[in-house]
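Commentary on secondary and tertiary structure
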Amino acid sequence: MKTLSATALAHPNIAFIKYWGNRDNALRLPSNGSISMNLDGLFTRTTVTFNSSQRDLLLINNHAVMGKGLDRVSYILDLVREMANINERAEVSSSNNFPAGAGIASSAAAFAALALASSRAADLTLSEGQLSRLARRGSGSASRSIPGGFVEWKMGAGDDDCVAVSIAPPEHWALTDCVAIVNASHKKTGSTEGHALAWTSPLQSARVADASRRLDICRNAILHKDFEAFANIIEHDSDMMHAVMMTSNPPLMYWQAATVGIFHEVRAWRASGLPVGYTVDAGANVHVICLADHAKEVEKRLRDLSGVNDVLVAGVGGAARVIESA
Ligand code: PMV
């Protein structure tokens, strides 16, 4: 084995057309396709080093993690060990520059960086599609943090072609995500458990049946830089996903009062001519998407709202990349 250690960096992504629910939980094959953009400036940096120790070790922001978190990482490492035909255990050291588990897709960046760093450390050179598939096994949305810019994760017929591809590079459209943080604490129900509940909602089948229409509208709005169509479809899609969450059994309610307050503000701002739209992942924080030229104004307005503790600002990010390998 030539390479033993590699460090990779990946951005989180924000979904415009959401992934919620699987048709195969073990392989994380989604019930519908999804579209997202990578978030520049926010990242997970992960170093994987294969060594002679007895077990895998996971450090997140320098703290050892055991239990389910480590099991999920070992699961990806096992897939890599199988592909590379090696048995060595690994030390995985990961750090984020944004709060984890608060609806900012920390698992997407984490598993994209892990897939890239671990495969490179094992001396494998995987294609973008293979990396996207591997990342998907850790967290579905991680498949979308492998390619750069604006990304579509295709449902595919099965495991092999269920991969994400870039539909436009970062420089295609200067959008900015102003993430209004209303609650930075770790969410109570993670998305893995949430996906398993999706089909308990009678609304999920309608959401899934209508997905290709929403995907077409969103893809076209991005390709033609039609902000009005884009804002309308991302809000509609986000609201649909949360309607499924709220009506699942047991119900999931990620929104807080401040979350809903921001929806009203954003719609009023758009009606008065400011190009903004909202979308929310599995958390309470609101991703307010705007044209980059208006980001300063949007950030200022969000900071002035009661219940908003902080605002993270991110442009369109590039692909996951290796930054060191030895
Ligand atoms: O990849 P997961 O299992 O963390 O699920 C992500 C789910 C949402 O963030 C709510 C939607 C999405 O498409 O990213």
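Read on for an overview of the structure. (Residues numbered from 1 in each chain as written. Predicted model: local features only at pLDDT ≥ 70, side-chain atom pairs only at ≥ 80, totals over all residues. Heavy atoms only, no water.)

1. Some points on the overall build of the chain
Across its full length, the chain carries nine helices and 16 strands. Scaling as 2.2 N^0.38, a compact globule of 326 residues should have a C-alpha radius of gyration of about 20 Å, and the chain matches this with 19 Å. Expressed along its principal axes, the backbone C-alpha trace of the chain runs to roughly 60 × 40 × 35 Å. Looking at the chain residue by residue over its 326 residues, the buried ones come to 56%. Partitioning the intrachain contacts of the chain with sequence separation of at least 6 by distance along the chain shows that 76% fall at a separation of at least 24. Accessible surface for the chain amounts to roughly 13,200 Å². Of this, 53% is attributable to carbon and sulfur atoms. Seen as two clouds, the 30 positive and the 32 negative side-chain charges of the chain have centres 2 Å apart. (Helix = DSSP H or I, 4+ residues; strand = E, 2+ residues; numbered from the N terminus. Rg over C-alpha atoms; globule rule 2.2 N^0.38 Å. Buried < 20%, exposed > 50% of the residue type's maximum accessible area, 1.4 Å probe, protein only. Contact = heavy atoms within 4.5 Å. Areas by Shrake-Rupley, 256 points an atom, 1.4 Å probe, with all protein chains shown as cover. Lys, Arg positive; Asp, Glu negative; His and termini not counted. Charge placed at Lys NZ, Arg CZ, Asp CG, Glu CD.)

2. Describing the packing of helix α7 (residues 227-246) against helix α8 (residues 257-271)
Direction vectors running N to C along α7 and α8 enclose 165°, while the axes themselves pass 12 Å from each other. Comparing their axes, α8 and α7 come out roughly antiparallel. Seen along the crossing, α7 lies across α8 with a hand that is left-handed. When α7 is examined against α8, the residues Glu-228, Ala-231, Asn-232, Glu-235 and Asp-239 are found in contact with a partner set consisting of Val-266, Arg-267 and Arg-270. Broken down by class, the residue content of the contact of α7 with α8 amounts to two nonpolar, one polar and five charged. (Axes fitted to C-alpha atoms, helices over the stretch in contact; angles between N-to-C directions. Parallel < 35°, antiparallel > 145°, perpendicular 65-115°, else oblique. Left-handed = near helix turned anticlockwise from the far one by under 90°. Nonpolar A, V, L, I, M, F, W, Y, C, P; charged D, E, K, R; others polar.)

3. Notes on the packing of aromatic side chains
All told, the structure shown has seven aromatic pairs when counted by the stated rule. With 6.2 Å between their ring centres and 70° between their planes, Trp-173 and Phe-227 make a pair best called edge-to-face. In this pair, Trp-173 is assigned in the loop between β11 (164-168) and β12 (175-181) and Phe-227 in helix α7, connecting sequence segments 54 residues apart. Residue classification places Trp-173 among the buried positions, given a relative accessible area of 6%. Looking at Phe-227, the relative accessible area reads 9%, which means it is buried. Arranged with centres 5.7 Å apart and planes meeting at 55°, the rings of Phe-227 and Phe-230 form a pair that is tilted. Here the residue Phe-227 and the residue Phe-230 both occupy positions in helix α7, the gap between them amounting to three residues, near one helical turn. Following the ring pairs from residue to residue traces out a cluster consisting of Phe-16, Trp-173, Phe-227 and Phe-230. (Phe/Tyr/Trp six-rings, centres within 6.5 Å; stacked < 30°, edge-to-face > 60°.)

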